[in-house]
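If you want the building blocks of each chain, they are given just below.
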Amino acid sequence: MEGNLKAVFNSSPLINLSKIDCLYILKELFETIAIPKAVCTELIVEGRNKKGAEKILQLVEEGFIIVLEVSNSLLVTALNRELDLGESEAIALALESHAKLVVIDEKEARQYAEMFNIKKAGVIGLLIQAKNKGLIKCLKPYLDSIIAEGFWINKQLYQQILKEENEL
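Since we're looking at a predicted model, the values are computed, not measured. Sequence order as written defines residue numbering, which begins from 1 separately in each chain. Predicted model: local features are reported for residues with pLDDT of at least 70 only, side-chain atom pairs are reported and counted for 80 or more only, and whole-chain, interface and lining totals are derived from all residues. Water and hydrogen atoms play no part in the side-chain values, which are based on all heavy atoms of the structure.

**So, the overall build of the protein chain**
Item 1. Helix and strand definitions follow DSSP, with helices as H or I runs of at least four residues and strands as E runs of at least two, each counted in order from the N terminus. Assigned secondary structure in the protein chain consists of 10 helices and 5 strands.
Item 2. What the globule rule says is 2.2 Å times the number of residues to the power 0.38, and the radius of gyration is computed from C-alpha atoms. Relative to its length of 168 residues, the protein chain is compact, with a C-alpha radius of gyration of 15 Å against a globular reference of 15 Å.
Item 3. Its C-alpha atoms give the protein chain principal-axis dimensions of roughly 45 × 35 × 30 Å.
Item 4. Burial analysis of the protein chain (168 residues in total) assigns 47% to the buried set.
Item 5. Note on contacts: a residue pair qualifies if any of its non-hydrogen atoms lie within 4.5 Å across the two residues. Long-range contacts, defined as pairs at least 24 residues apart, comprise 64% of the intrachain contacts of the protein chain with a sequence gap of at least 6.
Item 6. In the form shown here, the protein chain has an accessible surface area of approximately 9,000 Å², with 49% of it arising from carbon and sulfur atoms.
Item 7. Charge centroids of the protein chain, computed over 20 positive and 24 negative side chains, lie 5 Å from each other. Throughout, exposure labels follow a simple rule: accessible area from a 1.4 Å probe, protein chains only, divided by the maximum for the residue type, with under 20% read as buried, over 50% as exposed, and the rest as partly exposed. We get accessible surface area from the Shrake-Rupley algorithm with a probe of 1.4 Å; when it comes to residues, only the shown protein chains can shield them. The convention is simple: Lys and Arg are positive, Asp and Glu are negative, and His and the chain ends are not counted. Charge placement uses NZ in Lys and CZ in Arg. For Asp and Glu, CG and CD serve respectively.

**Quick look at the side chain of Asn16**
Item 1. Summarising the element assignment, Asn16 is placed in helix 1 (residues 11-19).
Item 2. In this view, Asn16 contacts Asp105, Val123, Ile146 and Phe151; residues no more than four positions away in its chain are not counted.

**What to know about the packing of helix 3 (residues 37-45) against helix 6 (residues 85-97)**
Item 1. Structural elements are reduced to axes, namely lines fitted to C-alpha atoms, with helices fitted over the stretch in contact, and the angle between N-to-C directions of any two is expressed from 0 to 180 degrees. Where helix 3 contacts helix 6, the two axes come as close as 7 Å, and the packing angle between them is 140°. Here helix 3 is positioned oblique relative to helix 6, judged by the angle of their axes. The two elements helix 3 and helix 6 cross, and the hand of that crossing is left-handed. Together, Lys37, Ala38, Val39 and Glu42 of helix 3 and Leu85, Gly86 and Glu89 of helix 6 make up the contact between the two elements.
Item 2. Each residue is assigned to one class: nonpolar for Ala, Val, Leu, Ile, Met, Phe, Trp, Tyr, Cys and Pro, charged for Asp, Glu, Lys and Arg, and polar for all the others, Gly among them. Looking at the contact of helix 3 with helix 6, its residues break down into 3 nonpolar, 1 polar and 3 charged. Should an angle fall under 35 degrees it is taken as roughly parallel, and over 145 as roughly antiparallel, whereas 65 to 115 is taken as roughly perpendicular and any remaining angle as oblique. Note: crossing handedness is left-handed where the near helix turns anticlockwise from the far helix by less than a right angle, and right-handed where it turns clockwise.

**Points about the pattern of salt bridges**
Item 1. Between Lys or Arg on one side and Asp or Glu on the other, a salt bridge is scored when a side-chain nitrogen of the former is within 4 Å of a carboxyl oxygen of the latter. Summed over the entire model, instances satisfying the criterion amount to 7 salt bridges.
Item 2. Lys131 is the salt-bridge partner of Glu167, the closest N and O atoms lying 2.8 Å from each other. With a gap of 36 residues between them, Glu167 in the segment after helix 10 (155-164) and Lys131 in helix 8 (residues 123-132) connect regions that are remote in the sequence. Across the pair, exposure class does not vary: Glu167 and Lys131 are buried alike.
Item 3. Each of the salt bridges in this network shares a partner with another, and the network as a whole consists of Lys131, Glu165 and Glu167.

**A word on the layout of surface pockets**
Item 1. Using only the protein atoms, space was sampled on a 1 Å grid; points where a 1.4 Å probe fits but cannot get out form cavities, open sets with protein on both sides within 12 Å along at least five of seven lines form pockets, and lining residues are those with an atom within 4 Å of a point. Grid points are joined across faces, edges and corners, and a volume is the space filled by probe spheres set on the points. In this structure, the largest pocket encloses a volume near 790 Å³.
Item 2. Lining the largest pocket are 32 residues, and of these Asp105, Arg110, Ala121, Gly122 and Val123 lie nearest its centre.
Item 3. Among the elements of the structure, helix 1, helix 7 (107-115), strand 5 (120-121), helix 8 and helix 10 are those that each provide at least two residues to the lining of the largest pocket.
Item 4. At 6 residues, helix 8 tops the list of elements feeding residues into the lining of the largest pocket.
Item 5. Class assignment for the residues of the lining of the largest pocket results in 14 nonpolar, 7 polar and 11 charged.
Item 6. Taken as a whole, the second largest pocket encloses approximately 150 Å³ of empty space.
Item 7. Lining of the second largest pocket is provided by Ile15, Lys19, Glu42, Leu43, Gly47, Lys50, Lys51, Gly52, Ala53 and Ile56.
Item 8. Of all elements in the fold, only helix 1, helix 3 and helix 4 (53-62) reach the threshold of two or more residues within the lining of the second largest pocket.
Item 9. Taken together, the residues of the lining of the second largest pocket sort by class into 4 nonpolar, 2 polar and 4 charged.

What follows is the structure, given as structure tokens:
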């Protein structure tokens, strides 16, 4: 299983999709997804009383989200000097499992994924993919919803994305 992973997720894309009731798009985009233990702890243990946590737990219980242990603790320790533990484990797990994609939003973590030649996406990329597959009609309401829930996006990038998606 681990050698055939399609996507490893960090917590923030799952949290943001959960907050806007869009976790369903993941089942349309992926057969299964993986998260490292640190991300599971952040989402389900530490985040158990936060909005959307119960929906994420349900996906774990259903087996759609698979929780995996990272074996390369040295890499995690090295990455954890610059990144948080969940980001560090997500990148390490993506590397050691040869995942096709790491789904991570934070700029610094995305830069590290790039350094390791790991294909990356974030919550915005997933929403664009969902629109392109006809799972959602327009991107703007979803972007506005995650922004209202606390997701930060540069105003120029926001405008550029909407222009590229013919929504301006």
